[in-house]
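# Reading the structure
Okay, here's what each chain looks like letter by letter:
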Amino acid sequence: MIAWRHRSRGTSSCTREVTIVANDVAPIGGMERQLTELVAGILQRGVRVTVIARRCELPPHPALRFIRVAGPSRPFVVAYPWFFVFASILTLRHRRGVLHTTGAIVMNRAEMSTVHHLHHGTHAKRGFVSRSRSSLPYRLNALCAEPLKRAGERWCYRPAVTGHVVGDSQGLARELSVHFPLMAAHTSVIPLGVDHGRGDDSSDQRDAVRATLTIRAGQHLALFVGGDWERKGLRLAIEAIAKTPDWHLLVVGSGDIMTSRRIAAAAGSEARTHFAGTPSGTAPYYAAADAFLLPTAYETFSLVTYEAAAAGLPLLVTRVSGVEDLLVDGKNGWFVERDPAQIADRLDALGANADLRRRMGESARRAVQGYSWAAAVDSYYALYASIGKWLASPPSSRTDARGSLAPPPIAAAETLTNG
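### Remarks on the side chain of D256
Along the polypeptide, D256 turns up in the loop between β11 (247-252) and α9 (257-267). Residue D256 is classed as buried on the basis of its relative accessible area of 16%. Within the structure, the side chain of D256 is placed 2.8 Å from the side chain of T259, a separation counted as a polar contact.

### Considering the packing of helix α8 (residues 234-242) against α9
Here α8 crosses α9 at 30°, and the two axes come no closer than 9 Å. Classified by the interaxial angle, the pair formed by α8 and α9 is roughly parallel. Both α8 and α9 take part in a crossing whose hand is right-handed. Two secondary-structure elements touch here, α8 through L234, R235, I238, E239 and A242 and α9 through S260, I263, A264 and A267. Classifying every residue of the contact of α8 with α9 gives six nonpolar, one polar and two charged.

### Brief notes about the pattern of salt bridges
One pass over the full model with this rule turns up 18 salt bridges. The salt bridge partner of D24 is R55, with a shortest N-O separation of 3.4 Å. One end of the pair, D24, is in strand β2 (residues 24-25); the other, R55, is in strand β4 (residues 55-56), with 31 residues separating them in the sequence. Residue R55 is classed as partly exposed on the basis of its relative accessible area, which comes to 32%. Across the pair R359 and D355 runs a salt bridge whose closest N-O atoms are separated by 2.9 Å. Linking R359 with D355, this pair stays in helix α13 (residues 354-367), spanning four residues, or about one helical turn. A relative accessible area of 40% means that R359 is categorised as partly exposed. Bridged by salt links that share partners, the residues D24, R54, R55 and E57 form one connected network.

Basis of the calculations
- Residues numbered from 1 in each chain as written.
- Predicted model: local features only at pLDDT ≥ 70, side-chain atom pairs only at ≥ 80, totals over all residues.
- Heavy atoms only, no water.
- Helix = DSSP H or I, 4+ residues; strand = E, 2+ residues; numbered from the N terminus.
- Buried < 20%, exposed > 50% of the residue type's maximum accessible area, 1.4 Å probe, protein only.
- Polar contact = N/O pair within 3.5 Å; in protein donor to acceptor, adjacent residues only side chain to side chain.
- Axes fitted to C-alpha atoms, helices over the stretch in contact; angles between N-to-C directions.
- Parallel < 35°, antiparallel > 145°, perpendicular 65-115°, else oblique.
- Left-handed = near helix turned anticlockwise from the far one by under 90°.
- Contact = heavy atoms within 4.5 Å.
- Nonpolar A, V, L, I, M, F, W, Y, C, P; charged D, E, K, R; others polar.
- Salt bridge = Lys/Arg side-chain N within 4 Å of Asp/Glu carboxyl O.

As structure tokens, then:
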């Protein structure tokens, strides 16, 4: 049981404390991974952390307190208002120090909020509703979810409710200023970190994956990573592969596989389109690939694109936020249109020139070197210190050889729930 039990509200110049409210804190996706690294990193710096979430998969730590928000995680039209209400109540009762929310998920006044996806932005840019399946229940849930998401953003992203917002890319910061102009003077950018060395010493992994997929000599492999396949353009990737017979497509992530197989069969690329599901580790798939393909309609950072760059893969990605900060057209890949024929032309150019693939991959790896989880945590700590008026300097963070944060020491922790 942890020792710190005082019930101070707001910020303190004497004690470094942060309350983080999120749906999930676990190394399962870009936002969740960022939270995992952030909490581990600030714990190492001597910050006391309260996490209010449905799930927290961090090792126990004497300065970590997890308050569980019990309730449904789906469908969204039920889970979102449930979390919004009950997490707000728990936040009111248990917040300590700087309150940091992740998205528009509680009604409480917060010192800062990190935005990983701006639903006003997707609504303005796309002509489809984001959903994981195409069946009627999923379509209805997605249709009803959209106004809920935007209503939450309208409540939260205003100075009366949120003191400061953090975007993970310059493009997202620009979107925030367009849709929420009152927050423009209270917005900063902190990019996500990247695991480096994903493609190092991996020839055995590469050969094993390619053998499993029956990729013959002279054939190439494009890698697609992510969920929400409609938004991220999997149909376009499948149709592009159909137009270039020397390329296979490997899809890593969850989605409607049956529908995607039907799309591949209709396009004529079924035998060269492979689905890996959601494996616990993606490094072997990055190692096996010859290029990274993501014809997405909307992103704010696209961590998987940065991971592909760290693995030394040429990038074929649409011009979206976050990717614009990394991809230099013609140097470490190409910006592509959401057009299968144009994508196929770029794949053909890469397939015909091994030296071009190597040069673009090396350039991509160099471009991503400046991104690390330790640097991201340092930036968040500096923002916390400014908001909370912390006086004491934190201890230096420990990092491993790749720049990722070492895990915190294991000890007992306290878990509370809302029932």
